[in-house]
Amino acid sequence: MSELVTGDAVVLGLRPARLPSRALALAIDLVMVGTVFGLVALGLAVAGGSLDDAAWAAVSVATFLLVPVGGPIAVETLSHGRSLGKLACGLRVVRDDGGPIRFRHALVRGGMGVVEILMTLGVVAVVASLVSARGRRLGDVFAGTLVVRERVPAGRAGAVPPPPPWLIGRFAGLDLSAVPDDLWLSVRQYLTRMHQLDPAVGRAMSQQLGGEVAARTGVPAPVGVPAAAYLAAVVHERQVRDARTAWHAAHPEAIRGSAGTSPVDAAGGASGPVARGVDGATRPGSGAAGGSPKPSATGFVPPV
């Protein structure tokens, strides 16, 4: 896997897309753009039959700039790098540092795409992608972007380490609705690679990500709790909620018949000693009853 490194020297587990998947995504996009362009041209031909040659030439150029050129630029900007073809193939355009693209990135990619895709029938783009170690065409090189695979087989994806037992359930009352998907992705990528980072760099990145999550949720890490452990506990809480929601959706009749069962236990979550969360409710799975927290095999150490 070719890895990306952010400006903070954090390794991101993004997988650059290769030529076959990119070609398929491009083919889907070209079919859609060609269809829209044909319909618009047909409508203009019907409505503009009285135009003279100069006016018709101006309308044709404007239509070409708005549909085959401006359309993909607008779609990539508004969707943060996901066109219809890329969405169908599980691809996305991101910056070199792994962040979402902006209008200027889409503009450069679209402008170069006219030359290396439309004017040369894709020959220049194919050659550039084959030569590039990360499969980038010239538009990606000039824009500072990369097309990556969003859908990675589960068996090949890095597992997020579980939080220490003394933190499980501490954030059961946390509101996670304001945390965007790109921040979740950054947190997961950090947690799966944190043991490969320089300790100082990893600590700085965990504090940065922890601050962003705390700003979105309104609940900072407890005093003495490392930022990495806080992030792992918050991700674990989201996973528990996702599992609970999926289990409830698949077994609604079982939920009605087991009113006294803990939602986490019903969803197949970890059971164990009871801990008290931030909302004051009892939650399963945290720490040994009647004793002090003990270090776990996750690499996190209890606060002193």
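Just so it is clear, the model here is predicted, and its values are computed rather than measured.

Turning our eyes to something else, we now look at the overall build of the protein chain. Along the backbone of the protein chain there are 11 helices and seven strands. When each of the 304 residues of the protein chain is scored for burial, the buried share is 36%. Contacts in the protein chain between residues at least 24 apart in sequence constitute 68% of all its contacts with a sequence separation of at least 6. Accessible surface, the protein chain as shown: approximately 16,100 Å² in total, 64% of it carbon and sulfur.

Here we take up the sheet that holds strand β3 (residues 15-16). Ordered in space as β3-β5-β4, the three strands form an open sheet in which the pairing is antiparallel. A single partner strand is all that each edge strand has here, and the edge strands are β3 and β4 (91-95). Sheet topology note: the β3/strand β5 (residues 145-149) ladder contains two bridges and is antiparallel. Looking at β5, one finds that R15 is bridged to R149.

Phi is positive for H80, which is not a glycine, with a value near 55°. Relative to the assigned elements, H80 resides in the loop between α2 (53-78) and α3 (84-89). On the basis of relative accessible area, H80 is assigned to the partly exposed category, the value being 40%. Residue L121 is not a glycine yet carries a positive backbone phi of 60°. Here L121 lies in the loop between α4 (103-119) and α5 (123-131).

Relative to the assigned elements, P100 resides in the loop between β4 and α4. For the pair P100 and T77, spaced 23 residues apart in sequence, the C-alpha separation works out to 9.3 Å.

To continue, consider the packing of aromatic side chains. Summed over the entire model, instances satisfying the criterion amount to one aromatic pair. Arranged with centres 5.3 Å apart and planes meeting at 80°, the rings of F171 and Y230 form a pair that is edge-to-face. Here F171, found in the loop between β5 and α7 (181-193), pairs with Y230, found in helix α9 (residues 227-250); they are 59 residues apart in sequence, far enough to count as distant. Residue classification places Y230 among the buried residues on the basis of a relative accessible area of 1%.

Turning our eyes to something else, we now look at the confidence of the model for the protein chain. Put simply, the protein chain has an average pLDDT of 76, and 74% of its residues get 70 or more. Confidence drops under a pLDDT of 50 for residues 1-12, and excluding neighbours within four residues, the segment shows 38 contacts in the predicted structure. Counted against residues more than four places away or in other chains, residues 261-299, with its pLDDT under 50, gives 67 contacts.

So, about the pattern of salt bridges. Scanning all chains against the criterion turns up seven salt bridges. The closest approach of N and O atoms between R22 and D140, which form a salt bridge, is 2.9 Å. Of the two residues, R22 sits in helix α1 (residues 19-47) while D140 sits in helix α6 (residues 138-143), which places them 118 residues apart along the sequence. Look at D140 and you get buried, because its relative accessible area is 0%. Among the ionic pairs, E116 bridges to R137, the shortest N-O distance being 2.5 Å. In this pair, E116 is assigned in helix α4 and R137 in the loop between α5 and α6, connecting sequence segments 21 residues apart. Take E116: its relative accessible area is 1%, and that puts it in the buried class.

Cut-offs applied
Residues numbered from 1 in each chain as written. Predicted model: local features only at pLDDT ≥ 70, side-chain atom pairs only at ≥ 80, totals over all residues. Heavy atoms only, no water. Helix = DSSP H or I, 4+ residues; strand = E, 2+ residues; numbered from the N terminus. Buried < 20%, exposed > 50% of the residue type's maximum accessible area, 1.4 Å probe, protein only. Contact = heavy atoms within 4.5 Å. Areas by Shrake-Rupley, 256 points an atom, 1.4 Å probe, with all protein chains shown as cover. Pairing = 2+ DSSP bridges. Phe/Tyr/Trp six-rings, centres within 6.5 Å; stacked < 30°, edge-to-face > 60°. pLDDT = per-residue confidence, 0-100. Salt bridge = Lys/Arg side-chain N within 4 Å of Asp/Glu carboxyl O.

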